[in-house]
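As a plain string of letters, each chain reads:
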Amino acid sequence: MKAKKSAQGPPRWMTRFIEWACAPHLREEVLGDLLERYILWVEQWGELKARRRYWREVLAYMRPSISKRQAEKYPTPATMEMLQNYVKIAWRNLLANKAFSIINILGLAIGLASFMLIAVFVYNELSYDKYPSDANHIYRVNISVIGNGDVAIYPNVDAAVGNGILNAFPEAKESTRLLPASDYVQYKNNQFKEAHLAFADSNFLQLFSIPLIEGYDRDALVAPNSIVLSKAFAIKYFGNEDPLGKSIAIGTNKTAYKVTGLFEKVPDNSHFHFDAFLSLSTHHSINPTWSNVGFYTYIKLTDKADPKKLEAKFPQLVAKYVVPEVQRDMGISLAEAQKSVDTFRFLLQPLTAIHLYSDTKYELEPNGDIQYVVIFLILALFILLLACVNFTNLSTAQAAKRSREVGVRKVMGSVKKQLIIQFLTESVLLTSFAMICAYLLVFLLLPFFNQLANRQIGFSFFLNYQAILTVFLVSFLSGILAGIYPAFFLSSFSIIKTLKGSLFTKSPQNKPLHSSLIVFQFSISTVLLIATIVVYKQLYYMQNKKLGYDKDQVIALPDTRLLGTNQLAFKEQLLQDSRVIAASNSRYFPGGEMMDGTQIHPKNETSNGVEIHANIFHIDYDYLRTLGIPIIQGRNFSKDFPSDSISGVLINESAVRELGWTGLNPIGRSVVKSGQQEFKVIGVTKDFNYVSVKQKVAPLMMVLGRNFGGIVLKIKTTDVNGFLGDLKKQWDSFNPNGPLEYSFLDDKFATFYASEQRVQTLFSVFALLAVVIASLGLFALSAFVIEQRKKEIGIRKVMGASVPGIVQLLIQDFVKLVLISIVIATPLAWYAMNRWLQGFAYRIDIEWWMFTLAGLLAIGIALLTVSFQSIKAALMNPVSSLRSE
């Protein structure tokens, strides 16, 4: 009899229920019995009745003996045991692939070490001036003046401004002032010129949270002629003596200052570093003024004060105090005085923003630049990314060798999750080794880095828990990110595919992922190479630009005031030396610290609004000849014209332009400066860079007289040391009040670019490291690719292929990828470096050869990296590679 076929089958959800409730070892038997009986019931009673009977039978199975699970024959291992197994397997795999492991660890270690060093540099830059307890409420008072078509910012103000703001506005809680000084200091036989002295108000140390290790903070700078010293400064002069209560002589007049306190030192991350603070009350200023500059003034605001709203009230002070002063000084009407200070603004700059956002000509020290901080931050992330990309690239390439291992593991029961954990464990283990190596590299390279970056960072900085935690997290995340792709990639294939070893039917460099990563690495490397070339050329241009005067073999003596009335006699004696070409009495020289300045306007031309700011050099008759500054119109100062010393003036080309005299003859015209003093232009000099070439040449006027205090010498000798020895003897023969101080003008000028030089060196080093990391990855990947193609190479050689032909075959794929990288990197580098160059008044043009040179370097590095492996493979005996076939 033909069996009656069930139309619907047993109730599906009751079947699922019994599957869930039944113990696994009974499940197949119970479900089979139920199905056989259901088919029989359908034949006997029909579908409907069979389904009802199925219900009852399923419910009848619901008893404890059915659901009781059997103890597993192979228990699931504990988590720690699994973890130990993962680590053991990972360790064995690392040892089995030593070359790949070393390259991976080395690449990551270099990347992490570079990241750590750059990160600490960035952290150090961002931490400036945060050490005072109320740093967020302290502001420096600046002056903003519009002049010569530009906004000029002065970081210092006049003596009365700080207390004036404090008295006028309740938002200001405290004010303090600082006046830098440089002078001779003497205690017994110890006498030195000190460049880091400063007069300060009595509350300065408290406001900046600089504690005294000896003496009382609040009283130390109250009395006139009192001084507090840094510990190193005190040892320099007093040795083992206790300096407290003793007096030290300062200046050519040897004014006595009583030591009232000692401090350890000003924190490294401060925008000023003074060795000693002198009491500002020594100056006895009775009627402080408002309209000049010189005092670095800091205001502490209340917690709720809004600095912008306070700034908006400052014009009241200008109208009340500055305008009457200007009227009195310049001898003009109140309306004219008001007009002349229309653009005069007091500004508040946060203390914590001074180091990275302030770059005026009159900063206490060269500051940092937020632009460089951003550049280095991006560079650090790029290098770390390069190292991670390297790791991912090599790991996925290495995967081909482990495909059969994955297949066997899957056959033995490993699930996808366990395989992923296995591969991530290996990845994190590698990054852990890399982190240890990175710490070792940082320990070895830190002194060199400190020297390059001009920092004092100790290795202990990297051992505090925040640094270790940060590096660990970065390493751990790098390991996870770098290992996550190969982990999912390997575990996602079927058992058959992995056991056949057919994961890689194409060579790895032909795969989009590997190609993309190689392109990414070399794009970054090429951008860095282009940037390095541009930075180097810009610095070379600044250091070798024709400055408009001859700075070679020029010696500046800034302190001939120590000779008193013998300065002219000393100069004349020097001129007797045949090695001296020329000499000039002047404290004002290019690159020097001395500079006077004033507002000037053409006489009888004030109606057109031409009033400019001009710097002033006080010189003598020999100044232009000594420095080789050419006159392009008129004449030099001459003793044949007695009026030159009263009203004659030389101006530069910039002054001619700013005064509106372009196309006119400026000779014989008059300019008027503050105080209604009138000068007649007798000559125009060619523009010369008397400050850094980062800034435009500003208007300059040179006047005769008030020039003593310094001497500038032009010498012709090649025996510089011999001349300097004789110079010192001649100096001592005049019995001066202090030792001889001198500097070469070209050395002085080079200090203008010390910051850029450091940046260029750091950038070059880290760019080189980035290229090394990329090359390591390419080397390992090319070795792997060639290993995969050994049999193909053997067959080609048997078929008659030449060695050069095989080498070309192996190299050309990599070269194509590098060429694509160059195409991508070129516009990116052009945009970035063009933006960087905008910060220089005098800059180079970005030329085509810079991109070509960087491209050739990138190709050369790639060829060097892959050539060795390619030539080695091409020379291999084909028999050995085909033996296994």
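Residues numbered from 1 in each chain as written. Predicted model: local features only at pLDDT ≥ 70, side-chain atom pairs only at ≥ 80, totals over all residues. Heavy atoms only, no water.

Chemist: Account for the overall build of the chain, naming residues and giving values.
Modeler: Tallying secondary structure elements over the chain gives 30 helices and 22 strands in all. The C-alpha radius of gyration computed for the chain amounts to 40 Å, which surpasses the reference 29 Å derived for 885 residues by more than 25%, pointing to a less compact arrangement than a globule. Oriented by its inertia axes, the alpha-carbon framework of the chain measures out at about 145 × 75 × 65 Å. Expressed as a percentage of the 885 residues in the chain, the buried residues total 49%. If you take every contact in the chain between residues at least 6 apart in sequence, the share linking residues at least 24 apart comes to 79%. Roughly 43,000 Å² of accessible area belongs to the chain as shown, and the carbon and sulfur atoms make up 58% of that amount. Averaging the locations of the 90 positively and 71 negatively charged side chains of the chain gives two centres separated by 14 Å. (Helix = DSSP H or I, 4+ residues; strand = E, 2+ residues; numbered from the N terminus. Rg over C-alpha atoms; globule rule 2.2 N^0.38 Å. Buried < 20%, exposed > 50% of the residue type's maximum accessible area, 1.4 Å probe, protein only. Contact = heavy atoms within 4.5 Å. Areas by Shrake-Rupley, 256 points an atom, 1.4 Å probe, with all protein chains shown as cover. Lys, Arg positive; Asp, Glu negative; His and termini not counted. Charge placed at Lys NZ, Arg CZ, Asp CG, Glu CD.)

Chemist: Let's hear about the packing of helix α2 (residues 24-45) against helix α3 (residues 47-60): which residues, and what values?
Modeler: Pairs of packed helices are described in terms of their axes, by the angle between the two and the distance that separates them. Interhelical geometry of α2 versus α3 gives an angle of 145 degrees and a closest axis separation of 8 Å. Taken as a pair, α2 and α3 cross one another with a handedness that is right-handed. Touching Leu34, Arg37, Tyr38, Trp41, Val42 and Trp45 of α2 are Glu47, Lys49, Ala50, Arg51, Arg53, Tyr54, Glu57 and Val58, all from α3. (Axes fitted to C-alpha atoms, helices over the stretch in contact; angles between N-to-C directions. Left-handed = near helix turned anticlockwise from the far one by under 90°.)

Chemist: Break down the packing of aromatic side chains for me, citing the residues and quoting the values.
Modeler: Taken as a whole and assessed by the stated rule, the structure comprises 41 aromatic pairs. On the numbers, 5.5 Å between centres and 15 degrees between planes, the contact of Tyr154 with Tyr362 is stacked. Placement of Tyr154 in strand β2 (residues 150-154) and of Tyr362 in the loop between α13 (354-357) and α14 (370-398) is noted, with a sequence separation of 208 residues between them. Residue classification places Tyr154 among the buried residues on the basis of a relative accessible area of 14%. Residue Tyr362 is classed as partly exposed on the basis of its relative accessible area of 25%. Relative to Phe744, the ring of Tyr742 lies with its centre 6.4 Å away and its plane at 90 degrees, an arrangement referred to as edge-to-face. Given the relative accessible area of 16%, Phe744 is considered buried. Three or more aromatic residues link up through ring pairs in this structure, and these residues are Phe204, Phe208, Phe263, Phe272, Phe274, Phe277 and Tyr298. One cation-aromatic arrangement involves Lys236 over Phe192; the distance from NZ or CZ to the ring centre is 4.7 Å. In this structure, Arg635 packs its charged tip against the face of Phe641, placed 3.7 Å from the ring centre. (Phe/Tyr/Trp six-rings, centres within 6.5 Å; stacked < 30°, edge-to-face > 60°. Lys NZ or Arg CZ within 6 Å of the ring centre and 35° of its normal.)

Chemist: For the pairing of strand β12 (residues 554-557), give the residues involved together with the corresponding values.
Modeler: Here β12 shows no split at all, with Val554 and Ala556 on one side and Ile555 and Leu557 on the other all buried. Where β12 meets strand β22 (residues 743-744), two bridges bridge the pair, whose relative direction is antiparallel. Paired with Ile555 across the strands is Phe744, a residue of β22. (Pairing = 2+ DSSP bridges.)

Chemist: I'd like a description of the environment of Val798, backed by residues and values.
Modeler: With respect to the secondary-structure elements, Val798 resides in helix α27 (residues 790-798). Overall, Val798 belongs to the exposed group, its relative accessible area being 56%. Distance from Val798 to Val879, taken between C-alpha atoms, is 8.9 Å for residues 81 residues apart in sequence.

Chemist: Outline the side chain of Ser654, listing residues and values.
Modeler: Checked against the element boundaries, Ser654 lands in helix α23 (residues 653-658). Residue Ser654 is classed as buried on the basis of its relative accessible area of 3%. Leave out the neighbours within four places in its chain, and Ser654 touches Asp687, Val697, Ala698 and Pro699.

Chemist: Give a description of helix α7 (residues 161-168) that names residues and reports values.
Modeler: Buried within α7 are the following residues: Val161, Gly162, Gly164 and Ile165. All buried residues of α7 fall inside an arc of 165 degrees around its axis, so they share one side. (Arc of directions from axis to C-beta.)

Chemist: Lay out the pattern of salt bridges in plain terms, naming residues and giving numbers.
Modeler: Scanning all chains against the criterion turns up 22 salt bridges. Ionic pairing is found between Lys300 and Asp134, a salt bridge with its closest N-O pair at 2.7 Å. Here Lys300, found in strand β10 (residues 296-301), pairs with Asp134, found in the loop between α6 (98-126) and β1 (138-147); they are 166 residues apart in sequence, far enough to count as distant. Of the charged contacts in the structure, one is a salt bridge between Lys193 and Asp559, with a shortest N-O distance of 2.3 Å. Placement of the pair is Lys193 in strand β4 (residues 190-200) and Asp559 in the loop between β12 and α20 (567-575), with a sequence separation of 366 residues. Each of the salt bridges in this network shares a partner with another, and the network as a whole consists of Asp183, Lys193, Asp559 and Arg561. (Salt bridge = Lys/Arg side-chain N within 4 Å of Asp/Glu carboxyl O.)

Chemist: Which residues make up the sheet that holds strand β21 (residues 711-715), and what are the values?
Modeler: One open sheet holds the four strands; their spatial order is β13-β21-β12-β22, and the pairing between them is antiparallel. Since the sheet does not close on itself, it has two edges, and those belong to β13 (580-585) and β22, each with one partner. Across the sheet, α20 is in contact with β12, β13 and β21; its angle to β13 comes to roughly 170 degrees.

Chemist: Please give an account of the side chain of Thr15 that cites residues and values.
Modeler: The topology assignment puts Thr15 in helix α1 (residues 12-21). In this view, Thr15 contacts Pro10, Leu31 and Tyr54; residues no more than four positions away in its chain are not counted.

Chemist: Describe the environment of Ala770, listing the residues and the values that go with them.
Modeler: Relative to the helices and strands, Ala770 is located in helix α26 (residues 754-788). Beyond its immediate stretch of four places on either side in the chain, Ala770 contacts Ile383, Leu386, Ser525 and Leu528.

Chemist: Residue-level account of the packing of α26 against helix α29 (residues 848-874), with values.
Modeler: Look at α26 against α29: their axes get within 9 Å of each other, and the N-to-C directions meet at 25 degrees. Relative to α29, α26 is oriented roughly parallel. Judged by the twist between their axes, the crossing of α26 over α29 is right-handed. Residues Val771, Ser775, Leu778, Phe779, Ser782, Ala783 and Ile786 of α26 form the contact with α29, whose participating residues are Ile861, Ala862, Thr865, Val866, Phe868, Gln869, Ser870 and Ala873. (Parallel < 35°, antiparallel > 145°, perpendicular 65-115°, else oblique.)

Chemist: I'd like a description of the nonpolar core, backed by residues and values.
Modeler: Core analysis: the largest hydrophobic core is formed by 125 residues, its most contacted members being Phe376, Phe449, Phe462 and Phe766. The element best represented in this core is α26, accounting for 16 residues. Formed by 27 residues, the second largest nonpolar core is a distinct cluster that contains Tyr139, Val145, Ala305 and Val322. (Core = buried A, V, L, I, M, F, W, Y, C linked by side-chain atoms within 4.5 Å.)

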